[in-house]
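Examination of the molecular architecture
Each chain, written out:
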Amino acid sequence: MNKYIKIIVAALLIIGGLYMMIFTRNLGWGIVIFLLSALPIFLFFKNENILLAFWQLRKQDMIKASKFLNNIKDYKTELHKNQYGYYHYLQGLVLAQEHPTQVEPLMRKALDYGLNMKHDRAMATLNLAAGAISKGRKQEGQKLLEEAKRLDSAGMMADQIKMLKDQLKMPTMQKHMHNPNMRNRGKF
C-alpha cells in the first residue's frame, strides 16, 4: 500500500473521531476512533511487510520473510525514506544462504541508505567483509572486519569475525597451486 494512503486513512480517522466527539456527543467511540488513527501513522514510518519480514527472520523462516519482502513492489513509493536501508538489508539477509554473490550490492545499498541500529550496521559490514574475502580482496576484507568488530559492541558476532580472520590468514589457492607435472619436467 502506498505510504501516503496510510496518512489519508489516519486523517479520515482523526476527522471521524473528532466528529463523533463534538457533533454526535459519542465521546467514547470518538476517542476509540481517534486512537485508532495512530496505527496508520505508525505504519507510515514502519512498513508492515518489513516488520513481518523481521519477525520471520527471527524465527529463521527465510521463505516467509522473502514472501513478505516480495509484497513490496516499489520500495520508494511504499516505504518511508528511513526504511530503504532496512529493505535492502533484509533482502541481503534472505539471499545470503542461497545466492551469496548477490548479497554484496544489497548490503552496500543498505549501508548507503543508512541503518539505525549499530548491530545491523555490523552485520552488513560483516557480510561485505565475507564477500570481499571470498573474492580475494584481502585488504578490503581486513578493513571491513575491523569496522565490523568496532560496530559489534555487544560481541554478538565475535565468532563470525574470528572465523573470517582465520580465513584471511589462510593462503589463497591461486598463489600456491602448482602443476604436479612441473616437478617432473627436468627428469625427462
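Our structure's up above, just so we're on the same page.
Note that the structure is a prediction, hence the values are computed from the model and not measured. (Residues numbered from 1 in each chain as written. Predicted model: local features only at pLDDT ≥ 70, side-chain atom pairs only at ≥ 80, totals over all residues. Heavy atoms only, no water.)

Looking now at the pattern of salt bridges. Counted according to the given criterion, the structure contains eight salt bridges. Of the charged contacts, one joins Glu48 and Lys6 as a salt bridge, the two residues approaching to 3.0 Å between their closest N and O atoms. Placement of the pair is Glu48 in helix H4 (residues 48-58) and Lys6 in helix H1 (residues 3-22), with a sequence separation of 42 residues. For Lys6, a relative accessible area of 4% puts it in the buried group. In this structure, a network of salt bridges that share partners links the residues Glu104, Arg108, Lys135, Arg137 and Glu140. (Salt bridge = Lys/Arg side-chain N within 4 Å of Asp/Glu carboxyl O. Helix = DSSP H or I, 4+ residues; strand = E, 2+ residues; numbered from the N terminus. Buried < 20%, exposed > 50% of the residue type's maximum accessible area, 1.4 Å probe, protein only.)

Before going further, it helps to spend a moment on the nonpolar core. By size, the foremost hydrophobic cluster in this structure holds 35 residues, and its most contacted members are Tyr89 and Leu145. Contributing elements (two or more residues each) for this core: H4, helix H5 (62-70), helix H7 (84-95), helix H8 (103-113), helix H9 (118-134), helix H10 (138-151) and helix H11 (158-169). Beyond its immediate sequence surroundings of up to four residues, Leu145 is in contact with Leu126, Ala129, Ile133, Ile161, Leu164, Lys165 and Leu168. (Core = buried A, V, L, I, M, F, W, Y, C linked by side-chain atoms within 4.5 Å. Contact = heavy atoms within 4.5 Å.)

The topology assignment puts Ala110 in helix H8. Taking the C-alpha atoms as reference, Ala110 lies 9.5 Å from Gln91; in sequence the two are 19 residues apart. Non-local contacts of Ala110, meaning those with residues more than four positions away in its chain, are made with Gly85, His88, Tyr89 and Leu115.

On to the packing of aromatic side chains, then. Per the counting criterion, the structure on display carries nine aromatic pairs. Between Phe44 and Phe45 the ring centres are 4.9 Å apart and the planes differ by 90 degrees, which places this aromatic pair in the edge-to-face class. A relative accessible area of 10% places Phe44 in the buried class. (Phe/Tyr/Trp six-rings, centres within 6.5 Å; stacked < 30°, edge-to-face > 60°.)

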